[in-house]
Amino acid sequence: MNQRIYDTQTQALGDFAPLVPGEVSLYVCGPTVQSAPHAGHLRSALVYDQFRSWFEATGLRVTLVRNVTDIDDKTLAGATPDEPWWALAYRVEREFNAAYSALGIRPPTYEPRATGSIPEMQELISLLIERGHAYAAVDESGDVWFDTGSWPSYGELTHQRPEDMAEGEAPSRGKRSAADFALWKGQKPGEPDSAAWSSPWGSGRPGWHIECSAMSTKYLGPTFDIHGGGRDLRFPHHENELAQSRAAGLEFARTWVHNGLVSVAGQKMSKSIGNTVSAVDLLTAARPIVVRYFLGSAHYRSTIEIGENSLDEAAASFSRIEAFLERAERAGLLASVVEEAPPSLANLPEAFIAAMNDDFAVPQAIAALHEAITAGNQAFDTGASDAAARAAREVTAMLDILGINPRAEQWSGGADATGETALAALVDALLTERTQARGAKDFARADQIRDTLAAAGVQIEDSPNGSFWTLEKA
Ligand SMILES: [Zn+2]
């Protein structure tokens, strides 16, 4: 059976055939590294980690590129006298990596930072100007804009009409139409020289959208298989990426996928509402493997709702899996299970394979996992040793694909040592930020960090020798 994937652009399920037989190229928009990772970031990275595992299990070689947006209005806005934008971006990038590794999310094949591809972005902008799809502002701003009016297909990704998309800022700084978007931003007074690169249009920095067009084609080529990202990136980010790439003559992504977001008590997570669930919140509320099971059990296109009991329910469901594995281990069945790297389709039930082939239908795949556990438990109860052994092999194979086999290397090492190391890195990073906020007399931010940590069960003690933290015992 063929792999089927839902394409955002065609709004339909289609058979997936890689451009190069046997290989998959996948570009995913990574975070703007401005503040600590939250549940939505982890969910997005986890979705593409699952895609990658499944592709590998089916025998494909995967190249996964996920960028880091390190230069942006937001990283500049977050800088303080004690911490320049580049130090902030790097600190937050490390927090993201700690959180990813806590959840067993493998690093991508490559993780380019935007600041590492400025020449490629400038080449793309020059090409767009040459082809009549971009213009340098006639004023002194040094800005360069994409001319949406010159590209009749603008709106083809999200099926919007031009008038729906004119939600950008009103024309200013040499911009001709509200729908036009910045490719290059001239250096503004007060912006540090470290955030400005010389260019044919004066010193400045790239706009956000051009980064991803330049980095995806730099590492994956002018045409690649899949472009992924969170649903909130469809417009304007991905619409603009598509327009500028096609206008530059690139075929660009052949399939667009978008993962659902995470909501809390029915509301989209947002800093302004203050309902953000951070990586620290999740990792203090449950074991990392349970957090991965919880965030990785939904269909990638649906919204995950975090309710008060979500993690407890996930922990209860996961303990059923662990109980079965312990039973299998006592019966000496796990020793005979050969771990394969990467996992293959051998030992997987048909229902699991069919579910994953059908647009990565993880809920159905998890149902197949629990069915195998039920069958295995019945086999143990009735002494059917062959059936019990088969169930143990199947369950192990499915857990390996989903990245939640407690006996796999990433989770072994005692009582979740990986999770504890990651948690320590994340909390230490927040304490650094709090110390800096206090140094800059931003006491509101410092208190906010203390409250966030307290709500996650992390107690801070300030002493003349610095701040220390302990986990509140439940
Ligand atoms: Zn992007």
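Just so it is clear, the structure is predicted and the values come from calculations on it, not from any experiment. (Residues numbered from 1 in each chain as written. Predicted model: local features only at pLDDT ≥ 70, side-chain atom pairs only at ≥ 80, totals over all residues. Heavy atoms only, no water.)

A few words now on the sheet that holds strand S9 (residues 223-230). Taken in spatial order, the 4 strands make up an open sheet running S4-S3-S9-S10, and their pairing is parallel. Looking at the sheet topology across the chains shown, the edges are occupied by strand S4 (61-66) and strand S10 (252-259). With direction set aside, neighbouring strand axes in the sheet form an average angle of 25°. Sheet topology note: the strand S3 (residues 23-28)/S9 ladder contains 3 bridges and is parallel. When the bridges of S9 are listed, Val-28 appears paired with Gly-228. Of the strands in this sheet, S3, S4, S9 and S10 are in contact with helix H1 (residues 39-57), which crosses S10 at around 125°. (Pairing = 2+ DSSP bridges. Helix = DSSP H or I, 4+ residues; strand = E, 2+ residues; numbered from the N terminus. Axes fitted to C-alpha atoms, helices over the stretch in contact; angles between N-to-C directions. Contact = heavy atoms within 4.5 Å.)

Moving on, we get to the domain arrangement of the chain. In terms of domain boundaries, the chain breaks down into domain 1 (4-259), domain 2 (264-402) and domain 3 (419-471). In this structure, domain 1 and domain 2 have C-alpha centres spaced 32 Å apart. Counting from both sides, the interface comprises 32 residues of domain 1 and, opposite them, 36 residues of domain 2. Surface buried jointly by domain 1 and domain 2 totals about 2800 Å² across both partners, of which 63% is contributed by carbon and sulfur atoms. The interface formed by domain 1 and domain 2 holds 1 salt bridge in total. In this structure, Arg-292 engages Asp-49 in a salt bridge whose closest nitrogen and oxygen atoms are separated by 3.0 Å. Counting every contact that joins domain 1 to domain 2 gives 15 residue pairs in polar contact (both at pLDDT 80 or more). For the side of domain 1 that touches domain 2, the secondary structure elements donating two or more residues are strand S1 (4-7), H1, helix H3 (85-102) and S10. By residue number, the principal contributor to the side of domain 1 that touches domain 2 is H1, which donates 14 residues. Split by residue class, the side of domain 1 that touches domain 2 holds 17 nonpolar, 10 polar and 5 charged. (Domains from an automatic or database assignment. Buried area = accessible area lost by both parts, 1.4 Å probe. Salt bridge = Lys/Arg side-chain N within 4 Å of Asp/Glu carboxyl O. Polar contact = N/O pair within 3.5 Å; in protein donor to acceptor, adjacent residues only side chain to side chain. Nonpolar A, V, L, I, M, F, W, Y, C, P; charged D, E, K, R; others polar.)

Let's shift gears to the coordination of the zinc ion. Taken together, Cys-29 (SG), Cys-212 (SG) and His-237 (NE2) make up the full set of protein donors to the zinc ion, lying 2.1 Å away. Counting gaps between the donor residues of the zinc ion yields the pattern C-x182-C-x24-H. Pair noted here: Cys-29 is in the loop between S3 and H1 and Cys-212 is in helix H6 (residues 208-220), with a separation of 183 residues, a long-range link. Each member of the pair Cys-29 and Cys-212 is classed as buried. (Donors = N, O, S within 2.8 Å, 3.2 Å for Na, K, Ca; no water. Buried < 20%, exposed > 50% of the residue type's maximum accessible area, 1.4 Å probe, protein only.)

Next up on the list: the packing of H1 against H3. Relative orientation of the contacting elements H1 and H3 amounts to 60°, with a least axis distance of 10 Å. On the basis of their axis angle, the class for H1 and H3 is oblique. The way H1 lies across H3 gives a crossing that is right-handed. Contacts between H1 and H3 involve His-41, Leu-42 and Ala-45 on the former and, on the latter, Phe-96, Ala-99 and Tyr-100. Partitioning the contact of H1 with H3 into residue classes produces 5 nonpolar, 1 polar and no charged. (Parallel < 35°, antiparallel > 145°, perpendicular 65-115°, else oblique. Left-handed = near helix turned anticlockwise from the far one by under 90°.)

In the numbering used here, UniProt assigns the feature "domain: Cysteinyl-tRNA synthetase class Ia DALR" (unreviewed entry) to residues 351-412. Annotated as residues 351-412, this span is 74% helix and 0% strand, and its ends, taken at the C-alpha atoms, are 29 Å apart. (UniProt positions renumbered as here; feature names shortened; annotations may be inferred.)

Right, let's get into the packing of aromatic side chains. Following the criterion strictly, the structure yields 17 aromatic pairs and no others. Aromatic pair Phe-252 and Trp-256: ring centres 5.9 Å apart, planes at 45°, arrangement tilted. Residue classification places Phe-252 among the buried residues on the basis of a relative accessible area of 0%. The residue whose ring lies beneath Arg-94 is Tyr-90, and the NZ or CZ to ring-centre distance is 4.6 Å. The ring of Tyr-6 carries Arg-301 above its face, with NZ or CZ at 4.1 Å from the centroid. (Phe/Tyr/Trp six-rings, centres within 6.5 Å; stacked < 30°, edge-to-face > 60°. Lys NZ or Arg CZ within 6 Å of the ring centre and 35° of its normal.)

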